[in-house]
Amino acid sequence: MPENVPVSDVRHVLVLPDRDAAEEVAEELPDRFGLAEEPQLVRDALAGEDDAEDAQWLVVVEDPDARLDAAALDALAAEYEGWLEAP
């Protein structure tokens, strides 16, 4: 019986300052990086925040083959005043 082989479950999270920036990054990612799956947008409200305007937005990119360059993702996020969250 073959042993279990670890499956790569790489996920990149780009943190953006607002929804508009997150949407623009999500639109750019497939063209710039040749993504097969659409990135996911997630609102990240900090504890105690009631106003959606104050929330950061996350762009979650699945990378099961671990082929995306983290530095390039970070550079893209930086173009929109964001960053790539460290794993």
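Just so you know, these numbers come straight off a predicted model, no measurement behind them.

Help me understand the pairing of strand β1 (residues 11-16), please; the structure alone is not making it clear to me.
A regular strand places its side chains on the two faces of the sheet in alternate fashion. Relative to strand β3 (residues 56-62), β1 is paired through six bridges, and the arrangement is antiparallel. Across the sheet, Leu 14 pairs through a bridge with Val 59, a residue of β3. As paired strands, β1 and strand β4 (residues 83-84) are joined by two bridges and run antiparallel to one another. Note on β4: the bridge partner recorded for Val 15 is Trp 83.

Any chance you could explain the sheet that holds β1 here in plain terms?
Backbone hydrogen bonds are what pair the strands of a sheet, in a parallel or an antiparallel way. Strands sit in the order β2-β3-β1-β4 across an open sheet of four strands; the sheet is antiparallel. The sheet is open, and its two borders are formed by β2 (40-44) and β4, each paired with just one other strand. Its contacts with the sheet put helix α1 (residues 19-33) on β1, β2 and β3, and the angle it makes with β3 is roughly 15°.

How do you make sense of the environment of Pro 17 when you look at a structure like this?
For Pro 17, the location among the structural elements is in the loop between β1 and α1. Pro 17 sits in the partly exposed class, given a relative accessible area of 35%. Here the alpha-carbon distance between Pro 17 and Tyr 80, two residues 63 residues apart in the chain, equals 7.9 Å. Dropping the residues within four chain positions of it, Pro 17 is found in contact with Ala 55, Gln 56, Tyr 80, Glu 81 and Gly 82.

Would you explain the nonpolar core in this entry?
Nonpolar side chains in soluble globular proteins tend to be buried together. Judged by nonpolar contacts, the single largest core of 18 residues is most densely connected at Leu 14, Leu 16, Val 25, Leu 29, Phe 33, Val 59 and Val 61. Broken down by secondary-structure element, the contributors of at least two residues to this core are β1, α1, β3 and α2 (70-79). For this core, the element with the highest residue contribution is α1, accounting for six residues. Phe 33 has contacts with Arg 67, Leu 68, Ala 72, Leu 73 and Leu 76, leaving out every residue within four places of it along the chain.

The rules behind these values
- Residues numbered from 1 in each chain as written.
- Predicted model: local features only at pLDDT ≥ 70, side-chain atom pairs only at ≥ 80, totals over all residues.
- Heavy atoms only, no water.
- Pairing = 2+ DSSP bridges.
- Helix = DSSP H or I, 4+ residues; strand = E, 2+ residues; numbered from the N terminus.
- Contact = heavy atoms within 4.5 Å.
- Axes fitted to C-alpha atoms, helices over the stretch in contact; angles between N-to-C directions.
- Buried < 20%, exposed > 50% of the residue type's maximum accessible area, 1.4 Å probe, protein only.
- Core = buried A, V, L, I, M, F, W, Y, C linked by side-chain atoms within 4.5 Å.

These results come straight from atomic positions and should not be treated as a statement about function.
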